[in-house]
Structures are given as structure tokens and as C-alpha cells.
Amino acid sequence: RARALLLRGTILARRTASRAEAAKALEGAVAADPRLLAARIELARFRIRIFDHAGAVAALDPVAQAAAATPALAAIRIRALALAGRALDASSLADQALQRTPGDPALLLAKAGALEAAGKAPEAAKVYEDAAARNPAAWEPRLALGRLALARKDLAKAAEEIAAAVEKGPRSPAVQAALGDLSAERGEGGKAEAAYEAALELDPEFVPAEIGLARLALARGDSAGAKARLERALSADPRNVEGQLAHGTLLWKARDLAGAEKAFQAAVDLQPLHATALLSLGAVKLERDEDVAGAVQRLTAATNEAPASAEARRWLGRALLRKGETPTAIAQFRKAVELERGNAENHVQLGIALERSGALVEAVEAYRAGAAAEPGNSEAHERVGVLFAASGRCDEAVPAFEKAIAAAPRVPRIRLALGDCKHKLRKFDEAAKIFREVLRASPGTAEVHYRLARAIHEIEGAKAALPWYERAAREEAANPMPHYYLGYLYKERGQKARAVGEFKRFLALKPDAEERKDIEAEIEDLGGVVPHRAP
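What counts and how
Residues numbered from 1 in each chain as written. Predicted model: local features only at pLDDT ≥ 70, side-chain atom pairs only at ≥ 80, totals over all residues. Heavy atoms only, no water. Helix = DSSP H or I, 4+ residues; strand = E, 2+ residues; numbered from the N terminus. Rg over C-alpha atoms; globule rule 2.2 N^0.38 Å. Buried < 20%, exposed > 50% of the residue type's maximum accessible area, 1.4 Å probe, protein only. Contact = heavy atoms within 4.5 Å. Areas by Shrake-Rupley, 256 points an atom, 1.4 Å probe, with all protein chains shown as cover. Lys, Arg positive; Asp, Glu negative; His and termini not counted. Charge placed at Lys NZ, Arg CZ, Asp CG, Glu CD. Arc of directions from axis to C-beta. Core = buried A, V, L, I, M, F, W, Y, C linked by side-chain atoms within 4.5 Å. Phe/Tyr/Trp six-rings, centres within 6.5 Å; stacked < 30°, edge-to-face > 60°. Lys NZ or Arg CZ within 6 Å of the ring centre and 35° of its normal. Axes fitted to C-alpha atoms, helices over the stretch in contact; angles between N-to-C directions. Parallel < 35°, antiparallel > 145°, perpendicular 65-115°, else oblique. Left-handed = near helix turned anticlockwise from the far one by under 90°. Polar contact = N/O pair within 3.5 Å; in protein donor to acceptor, adjacent residues only side chain to side chain.

Trainee: Before we move on, can you summarise the overall build of the protein chain with the specific residues and values?
Mentor: Check the secondary structure of the protein chain and you find 31 helices and 0 strands. Computed over C-alpha atoms, the radius of gyration of the protein chain comes to 33 Å, more than 25% over the 24 Å expected from 2.2 N^0.38 for 535 residues, which places it beyond the range of a compact globule. Dimensions of the protein chain, computed from the C-alpha atoms along their principal axes, are close to 105 × 40 × 40 Å. Out of the 535 residues in the protein chain, the part that is buried amounts to 49%. Sequence separation of at least 24 residues holds for 44% of the intrachain contacts in the protein chain that already meet a minimum separation of 6. In the form shown here, the protein chain has an accessible surface area of approximately 26,000 Å², with 51% of it arising from carbon and sulfur atoms. Taking the 79 positively charged and 73 negatively charged side chains of the protein chain as two groups, their mean positions are separated by 2 Å.

Next up, the structure:
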């Protein structure tokens, strides 16, 4: 009966729809004959497949004493212990089992997997290489070596190992999916898609291939396609960490931050030490700005799990800066720069933190380093311009703003800043030209009208500027300055009532204006009543 149930459970476990029946059959096999190791091994394998790592360990606990002497049992128990977070127990059992059965390929793979799960990738690679040398026909160690190389962005080594895995195991969906991951990393979308489709032909429910196709769809902006793929993947395997991560990324891009946080939290719940899951959860928490302390906690954990991740360091720095811990944030940004100097964002974030600390010279150096790393990064150039403009050095700010505009020609904010600097340098014609360009390209940019009015005032005089001040007063409801100038212009034209109205609007929008006493005197001279000032 136990063997019959084992066979039934093994067959049912191949399809997602029959997993509940598979679990019942395999558990029934173990209950029917507790001494049947094959049943316990298959039950543990099944539970690992559904990410129930603790359950896999529990299935093997009653026969744990026999594990070291039984390679097949030891191999699955080592893997279960490692995935359940019991790295020391996994390593100890691997050493005991290999001492009794030296060089056993399955044990070597299990030991390497345990080392990998413990974050010891270089040591794991050596064991995988040993396993590959002892069993040249096996594709599993070559695939593992390829994935390790892919994780450290060594694409040449990854291509070599994955090609060997494809040669030895062409009908393995895992091998085809790895080929898809390699092609995707290379930017070869067509090849990646073909490889993922090949994996699904071999196993229509192979979730990693669905997730790979979802990521490709997401990268090309096909949110609907990505969503459909992820729904299929998570329907087949709701406990798949990579699926939850991809789902969270999809929601994050759609700015559904609450949904993204839920997906990333699910990934962390499934694998508490998964660096990418921790990083993503911390980043979304920071963007939601509701739990900055929680963001710091998750991002700190992410840097502990992946100390060489510049992205994790950068997000942790941002969280610390938000929390007000500027010196610690600067240290994290410096580490991110050290790890990834070619990424402009690392330099920019370091500059922001240095600026916050008052180290303006160093901040400019950081922004310039970011611009040098990525000349097309508009923010790095813009921030240099903003710093110089704020200190009255518009002659140095102008070139920086011009470079920022070249990198991001459709961002009105940068053109407005350049126009402001031209105005301060008394190059009114150039300022007016820039503001007119903004008005043509981005007519919805309300704040351009007052600036253009001021430039025209300087060039052509009050009469020409009047309609622009009037338009600015309509378009820029929160800006008191158009009303200030309109008050004086209407006064000069003898329109006393209109002048009084504009002066009152100015005071209502800017009650603490330095010019308040002068404006109140103007209102009285024009026969108006000075508005009461709230205490």
C-alpha cells in the first residue's frame, strides 16, 4: 500500500492542480510504512518544491540518524536543512555523509547547495566543480556553476557553463530557463523568449520560465502581458519567491506601492534572507514614507545578505538620510560609489547627502563625478547648476544647466532655472527666449508666465509686460508677485480700485512680506482700507 501511494503521489505531484491530492498520497505512504525511505524522500522533495522547507525537514526527522549512511536520504535532508536556514546542521551532515561515501555526486551537489544557501558562493563553486569533474555527463553541476556566474555578472563564464548544461541536459526545463536568463541579461530578448518557451514546451507548468517571460514583457512595457504571465505562475506556485518579486516589481512600476509592498513582504515571508526581496521591500517602504524605520531595518538586512550590492547600499543610504542619520547615510553612499563607480545615481545620492551636511564643495565634486560617469544623466548636471545658482554664481551655473538640458530637453524645470540665471546675469533677451521656448513646448507650465513678464518688463517696458503679469496672476494662483507688479502698473495708469485690489491680493498671499508696510501705505494713499492682519 505504501509503495502504491508513493507512486500515486509522485505522479500527482507533476501537476499543480493535483498537489493537494499528491500531498495526501505521499503523507499516506509515509503513514502506511514509516520505514519506507523512498516515501519520506519523495515527501521531502515535494515539500521543498512548494517552499515548505520546515515541513521537508520534519518529514525526514524520524530517520535523521540513518541519513549520514544513506546518500540519497542525506542529499535531500542536507538540501532541506539549508533551505530551512539551518546552515550549520546542513554542513555538518554533508561532511559526515561524504566521509562515509566520498565523492558521491548527489552529496556533492547537496553540500554545494547548502554552501550557496549560506551565502558562501565561492566555496559552493569549488564543490560544484568537483561534482562536475566526477560526473562529466551530469548537467546539474554545470547549470549551478552557470547560475553562480550569472549572479556575479560574469556573463562569459555563465555562457560557458550554461552551454555545457544545455549540451548535457537539453530536455531539462531548468537548463532552458537558465539559457533564457542568460540571454535576457545580455539584452537578447528574442533569444531569451525562445529559451523560456522551450522550457514551457518541456514542462507547461515550469514556473521560472513563466516568470522569465513576465520580466521580458515588463521590460518592453507590456504590463498586461506581464500580469497574465505572473498570474499563471503564481496560480501554479503561490509560494514562488521569484514570482512574488516579479509581481511586486510590476505593481511598483504601476505605482501601486501598497500592492508592491504586500508582494515583496510575501517574498520575504517565504525566504527571510533573500537579499533582493529585502531590498525591494525596504525600498517600497521608503517610497511609501509610512515606515522609515522598517525600511532601514529591511535594507540593513539586505546589505548584510548582499554586502557587495551597490543598489542595496544606495537605498539604505536614502533611508538613513530620510531618518536624519546623515553621517551614516554618507558612509553608505560612499560604499555604493566604491562598489559601482560607473553608476551616476550613486554619486548623485552621495552629493545630496553631502549637501545636506553642508559640505557643498564635496557635493559639487560628487555631482560632477556622476556627470562624468554618465554624461547623459541630467540630474547630476542640474544639481551642480542649482548649487551654483543658489550661491549667486550664475556664470558657473549656466553651463551646468545647459548640459542638463542637452540630456533632458523636455524637462521645463531645468529650462526655467537656466532662464532665471540668464535674468540674474541681466541677459534679459536670452532669458525671454528661453521662457518663450518653455511656453511653446510645455504650455501647461504655469510658473513660466511671471518669469516671462519680468523679462519683457526689462526689455520692452511696463506697457508690454502688463498683459503677461495679468496672465501670470490668472495662471499662477499661489504666486503673490504678479499682483505686486500689477498693483503698481494699475496705479501708474490711474486705475486706483484695480491697484488696491492687486495690492490686497499680494498681502493675502504673502502676509509676512518685507514690503508689507510699503504696500499698506500705497493702499491708504489710493483711498483703500488696509486689510486686517491675522495675529
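Trainee: So what about helix α31 (residues 516-525)? Which residues, and what values?
Mentor: What α31 keeps buried is the set Arg516, Ile519, Glu522 and Ile523. Buried residues of α31, seen end-on, are gathered within an arc of 120 degrees and therefore sit on one face of the element. Those residues of α31 that are exposed and angled more than 90 degrees off the buried face are Lys517, Asp518, Glu524 and Asp525. Of the surrounding secondary structure, the elements contacted by the buried residues of α31 are α29 (481-492) and α30 (496-509).

Trainee: Give a description of the nonpolar core that names residues and reports values.
Mentor: Judged by nonpolar contacts, the single largest core of 61 residues is most densely connected at Trp252, Phe264, Trp315, Leu350, Tyr367, Phe401 and Cys421. Counting 36 residues, the second-largest nonpolar core is a separate cluster that includes Ala56, Ala94, Ala124 and Leu148.

Trainee: Go over the packing of aromatic side chains, please, and point to the residues and values.
Mentor: The full count for this structure, using the stated rule, is 9 aromatic pairs. Measuring from ring centre to ring centre gives 5.9 Å for Trp252 and Phe264, while their planes differ by 80 degrees; the resulting arrangement is edge-to-face. Of this pair, Trp252 sits in helix α15 (residues 241-253) while Phe264 sits in helix α16 (residues 257-270), and the two are 12 residues apart along the sequence. You'll find Trp252 and Phe264 in the same group, each marked buried. Geometry around Trp315 places Arg318 over its ring, the cationic atom sitting 4.4 Å from the centre.

Trainee: Lay out the packing of helix α9 (residues 140-151) against helix α10 (residues 155-168) with the relevant residues and their values.
Mentor: Direction vectors running N to C along α9 and α10 enclose 155 degrees, while the axes themselves pass 8 Å from each other. One finds that α9 runs roughly antiparallel with respect to α10. Handedness of the crossing formed by α9 with α10: left-handed. Residues Arg142, Leu143, Leu145, Gly146, Ala149 and Leu150 of α9 touch α10, and the partners they reach there are Leu155, Lys157, Ala158, Glu161, Ile162, Ala164, Ala165 and Lys168.

Trainee: Give a description of the side chain of Asn479 that names residues and reports values.
Mentor: Within the element layout of this structure, Asn479 appears in the loop between α28 (462-475) and α29. Separated by 3.0 Å, the side chains of Asn479 and Glu476 make a polar contact. In this structure the side chain of Asn479 is engaged in a polar contact, spanning 3.0 Å, whose partner is the backbone nitrogen of Met481.

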